[in-house]
Amino acid sequence: MRRIALLTHPGAGRGRGARAREVVLPRLRDAGFTVLDLVGRDVDEARRLAGAAVGDGIEALVACGGDGTVHLALQAVVPAGVPLGVVPAGTGNDLARELGIPALPAAAVDRFIAGTRRTLDVARVGDRYVATVVACGFDALVAERADAMTWPRGPLRYVAATAVELRRLAPRRYTLELDGHVRTVEGVLAAVGNTSSFGGGLRITEGAVPDDGLLDVVVVRALDRRGLVRAFPGLYRGTHTTHPAYEHHRVRSATIAAADITAYADGEPLGSLPLTVTAVPAALTVIA
């Protein structure tokens, strides 16, 4: 494998993407790769660049940025069967965390250069592919709030966004169709995970395995503000799974419906509920 592309979102992580590229690009070339240097000024340009590079026959695409940059890369590489590399340089970096990819750009790109491959599932929502978690409740509201914030930086932004959204907390009626079985539930949070975490390490779908061919659906039933605040620290440790309001299902397909929710996935807006999320087994090769 010699001819690859490096896709950088320069604004990822408030400039960390651009700084990481300055380390990664020469390191790849020193390792003998011919590298197409793709720097998208915005989402649309990055998507076009990635699609054109894959269509031109590159042998791998390295995403240098956060989970949003990975999300853009997925849309190009999954249909074409092109392997993906990941250099985490964003706010959450949840796919990199799941795969144990180091946070330092030099160490992360060295994992790619070493060439070890792993095959993962992805989730599909309409014509979009998702690597990590589809957030469909309070978690989506937090993602939307964090996306609009300029301070603080890093995962603390999700903590700050959570504090703001807690003041507006209200249960919603969810209709869930899980592998054809339909039920309704009052809840504050619903998520569909291919991996275990979102939002910079919030392990909402704790126990999810990204290569088991299944999706992990989590619902947190109606809680008041105090109850959610008490449960929140457990999300970082994965200990929230013992909470009486928590329920967890493993399915191949899930349709989630609720009023006034825009779903987020890989830190990016997907669209308003209802949405159907389907597991696509062994759809992605990651070089990490």
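## Topic: the packing of aromatic side chains
Logical step 1: Counting across every chain of the model gives 1 aromatic pair.
Logical step 2: Summarising the aromatic geometry, the rings of Phe33 and Phe112 are spaced 5.7 Å apart at their centres and angled 45 degrees between planes, so their arrangement reads as tilted. With Phe33 in the loop between helix H1 (16-30) and strand E2 (34-39) and Phe112 in helix H5 (residues 105-114), this residue pair connects regions lying 79 residues apart in the sequence. With respect to class, Phe33 is no different from Phe112; both count as buried.
Logical step 3: Over the aromatic face of Phe33 sits the side chain of Arg2, whose NZ or CZ is 4.5 Å from the ring centroid.

## Looking at the layout of surface pockets
Logical step 1: The calculated volume of the largest pocket comes to roughly 700 Å³.
Logical step 2: Those elements that place two or more of their residues in the lining of the largest pocket are helix H2 (43-55), helix H3 (67-80), strand E7 (133-135), helix H6 (138-148), helix H7 (156-166), strand E13 (262-265) and strand E14 (268-272).
Logical step 3: Among the elements that make up the lining of the largest pocket, the one with the highest residue count is H3 (5 residues).
Logical step 4: Here the lining of the largest pocket is built from residues that sort into 13 nonpolar, 14 polar and 10 charged.
Logical step 5: If you add up the space inside the second largest pocket, you get close to 220 Å³.
Logical step 6: In this structure, the second largest pocket is lined by 13 residues; those nearest its centre are Arg16, Pro88, Ala89, Asn93 and Ala103.
Logical step 7: Breaking the lining of the second largest pocket down by element, the ones donating at least two residues are H1 and helix H4 (94-99).
Logical step 8: Among the elements that make up the lining of the second largest pocket, the one with the highest residue count is H1 (3 residues).

Quick notes on the rules
Residues numbered from 1 in each chain as written. Predicted model: local features only at pLDDT ≥ 70, side-chain atom pairs only at ≥ 80, totals over all residues. Heavy atoms only, no water. Phe/Tyr/Trp six-rings, centres within 6.5 Å; stacked < 30°, edge-to-face > 60°. Helix = DSSP H or I, 4+ residues; strand = E, 2+ residues; numbered from the N terminus. Buried < 20%, exposed > 50% of the residue type's maximum accessible area, 1.4 Å probe, protein only. Lys NZ or Arg CZ within 6 Å of the ring centre and 35° of its normal. 1 Å grid on protein atoms, 1.4 Å probe; cavity = no way out; pocket = protein on both sides within 12 Å on 5 of 7 lines; lining within 4 Å. Points joined across faces, edges and corners; volume = space filled by probe spheres on them. Nonpolar A, V, L, I, M, F, W, Y, C, P; charged D, E, K, R; others polar.

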